[in-house]
Amino acid sequence: MNPTEIKKLIIASAAEEADPHETPGKLEDEGVSFDFSSDFTDKVISRIFTEKLTVIRDIDFGRSLSTVFYRIALTGVAAIVILLLSIFLSEGSISFNSFLGMGNTYDESVLYLLTGI
Amino acid sequence: MKESYRQADENELVQTSLKGDKLAFEEIVSRYRKLVARTVKGMLGDSVFAEDIGQEVFIKLYYSLPEFRGEAKLSTYIQKIAVNLTLNEIKRRKRFFSMFSQKGNNEMYEYEIADHEAAEKREATELVNKALMGLDPKFRVIVVMRMLQGYSTKETADILKLPLGTVLSRLSRAQEQLKEILQTI
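Remember, it's a predicted structure, so these values are computed and weren't measured experimentally. (Residues numbered from 1 in each chain as written. Chains lettered and ligands numbered in written order. Predicted model: local features only at pLDDT ≥ 70, side-chain atom pairs only at ≥ 80, totals over all residues.)

Structural notes on the overall build of chain B
Item 1. Scanning chain B from terminus to terminus reveals 10 helices and 0 strands.
Item 2. Helices and strands appear in chain B in the N-to-C order α-α-α-α-α-α-α-α-α-α.
Item 3. Across the 185 residues that make up chain B, the buried fraction comes to 37%.
Item 4. Across chain B, the fraction of contacts at a sequence separation of at least 24, relative to all contacts at a separation of at least 6, is 59%. (Helix = DSSP H or I, 4+ residues; strand = E, 2+ residues; numbered from the N terminus. Buried ≥ 20, exposed ≤ 12 C-beta atoms within 10 Å, placed from the backbone. Contact = placed C-beta atoms within 7 Å.)

Brief notes about the overall build of chain A
Item 1. Helix and strand content of chain A: 5 helices and 0 strands.
Item 2. Written out in order from the N terminus, the α and β elements of chain A read α-α-α-α-α.
Item 3. With 117 residues in all, chain A has 10% of them scored as buried.

Side note on the packing of helix 8 (residues 137–148) of chain B against helix 9 (residues 153–160) of chain B
Residues and elements named next belong to chain B.
Item 1. The interhelical angle for the contact between helix 8 and helix 9, taken along N-to-C directions, is 130°, at an axis separation of 10 Å. One finds that helix 8 runs oblique with respect to helix 9. Considering the relative orientation of helix 8 and helix 9, their crossing is right-handed. Here Val 141, Ile 142, Met 145 and Arg 146 of helix 8 come into contact with helix 9, specifically with Thr 156, Ile 159 and Leu 160.
Item 2. A per-class count over the contact of helix 8 with helix 9 returns 5 nonpolar, 1 polar and 1 charged. (Axes fitted to C-alpha atoms, helices over the stretch in contact; angles between N-to-C directions. Parallel < 35°, antiparallel > 145°, perpendicular 65-115°, else oblique. Left-handed = near helix turned anticlockwise from the far one by under 90°. Nonpolar A, V, L, I, M, F, W, Y, C, P; charged D, E, K, R; others polar.)

A closer look at the nonpolar core
Item 1. Membership of the largest hydrophobic core comes to 55 residues, with the highest contact counts inside it found for Val 40, Val 57 and Val 143 of chain B.
Item 2. Counting residues per element, this core draws most heavily on helix 3 (residues 22–44) of chain B, at 9 residues.
Item 3. Each of domain 1 (1–34) and domain 2 (35–115) of chain A accounts for three or more of the residues forming this core.
Item 4. Filtering out sequence-adjacent residues up to four positions away, Val 143 of chain B remains in contact with Ala 14 of chain A together with Leu 132, Leu 135 and Ala 174 of chain B. (Core = buried A, V, L, I, M, F, W, Y, C linked by C-beta atoms within 7 Å. Domains from an automatic or database assignment.)

A word on the interface of chain B and chain A
Item 1. In this assembly, 41 residues from chain B lie in contact with 30 residues from chain A.
Item 2. Secondary structure elements with two or more residues in the side of chain B that touches chain A: helix 3, helix 4 (48–64), helix 7 (123–133), helix 8 and helix 10 (164–184) of chain B.
Item 3. Residue contributions to the side of chain B that touches chain A peak at 11 residues, all from helix 3 of chain B.
Item 4. Split into classes, the residues belonging to the side of chain B that touches chain A amount to 19 nonpolar, 11 polar and 11 charged.

Section: the packing of helix 3 of chain B against helix 4 of chain B
All names here are of chain B.
Item 1. Viewed as axis vectors pointing N to C, helix 3 and helix 4 meet at an angle of 135°, and their least axial separation amounts to 9 Å. Compared by their axis directions, helix 3 and helix 4 come out oblique. Helix-helix and strand crossings are classified by hand; for helix 3 and helix 4 the assignment is right-handed. Where helix 3 approaches helix 4, its residues Phe 25, Val 29, Val 36, Ala 37, Val 40, Lys 41 and Leu 44 are matched on the opposing element by Phe 49, Ala 50, Ile 53, Gly 54, Val 57, Phe 58 and Tyr 62.
Item 2. Taken together, the residues that form the contact of helix 3 with helix 4 break down as 12 nonpolar, 1 polar and 1 charged.

Brief notes about helix 1 (residues 3–13) of chain A
Item 1. Of the positions making up helix 1 of chain A, those classed as buried are Ile 6, Leu 9, Ile 10 and Ser 13 of chain A. Down the axis, helix 1 of chain A shows its buried residues gathered within 100° of arc, on one side only. Exposed and oriented more than 90 degrees from the buried face of helix 1 of chain A are Thr 4 and Glu 5 of chain A.
Item 2. Summarising the contacts, the buried residues of helix 1 of chain A are in contact with helix 2 (22–29) of chain A together with helix 7, helix 8 and helix 10 of chain B. (Arc of directions from axis to C-beta.)

Some details on the confidence of the model for chain A
Item 1. Looking at chain A, the pLDDT average stands at 81 and 83% of residues meet or exceed 70.
Item 2. Confidence, expressed as mean pLDDT per element, reaches its minimum in chain A at helix 5 (residues 107–115) of chain A with 68 and its maximum at helix 1 of chain A with 85. (pLDDT = per-residue confidence, 0-100.)

Points about unusual backbone geometry
Item 1. Of note in this structure, Lys 161 of chain B is not a glycine but carries a positive phi near 55°.
Item 2. Exposure remark for Lys 161 of chain B: the 9 C-beta atoms within 10 Å place this residue in the exposed category.

Side note on helix 10 of chain B
The periodicity of an α-helix, 3.6 residues per turn, causes residues three or four positions apart to be oriented the same way.
Item 1. For helix 10 of chain B, built from 21 residues, the straight-helix expectation of 30 Å at 1.5 Å per residue is met to within 8% by its first-to-last C-alpha distance of 31 Å.
Item 2. Among the residues of helix 10 of chain B, those classed as buried are Val 167, Arg 170, Leu 171, Ala 174 and Leu 178 of chain B. Projected onto a plane normal to the axis of helix 10 of chain B, the buried residues spread over an arc of 110° and lie on a single side. Opposite the packed face of helix 10 of chain B, turned more than 90 degrees from it, sit the exposed residues Gly 165, Glu 176, Glu 180 and Gln 183 of chain B.
Item 3. Residues of helix 10 of chain B that are buried sit in contact with helix 1 of chain A together with helix 7, helix 8 and helix 9 of chain B. (Expected span 1.5 Å × (residues − 1).)

Re the environment of Gln 175 of chain B
Item 1. Following the sequence through the fold, Gln 175 of chain B ends up in helix 10.
Item 2. Along the sequence, Gln 175 of chain B and Val 143 of chain B sit 32 residues apart, while their C-alpha atoms lie 8.6 Å from each other.
Item 3. Leave out the neighbours within four places in its chain, and Gln 175 of chain B touches Ile 11, Ala 14 and Ala 15 of chain A.

If you want it as structure tokens, here you go:
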């Protein structure tokens, strides 16, 4: 088929009444072919499965990070509970004053300590 | 092992790929790569970008396989992904070229044709590519669906999610444009 006939075929393929199933075959017979490079499939597969590994690694990192935060938070809560408990045991209450270490202190003794009188 | 995948039907391949089977998905890529190439290269020309978009199509397919319910053919599902990604790429390029050049689309076509010529493809393929590249993208996609993929007007309308009347009118305008383009080649 010469270029003029191929041109006619291209124009005819866009006609409403043309049979669309025929044109691809005719064009292929004339050497019109579209394909990707020979290593296309390998590239796709390696991109999918390498990216998948990266995602898994990211998820693993995220998980260990949240575990670390969880442990730090738990340790913090435990420390606060122990502190409050020790304040309660030593001061007899958990008021603001006892938290500051002034729970059982008389004003006079504070004055004595500050002024020496 | 690979031989058994070659004989498997598309539903089996999809199910096996969903379980993470590399070979099953490799078979899907091998089976449908030409289908994707016709759409992507027909729309973007024979360039490295087309190869990249082709890869994106299959990557997107892999991650969207859980959503594939098997109501339509796998080829139609792949075709829809290919058309969407290609049209997005054309829009992206249009924005890029309009940002850096007053020429807009024309420059894009010149580039694609030059790249295409460098590839030294056969005369017939070159002729088809030149004709397609000269078309407006909205007409080009319809011609690609019919001329290269062999879809009927109804199937084209379904894949592109366009009313049948729009496809028919665009097809008629595409034919007019093709006549003008082919006269100059």
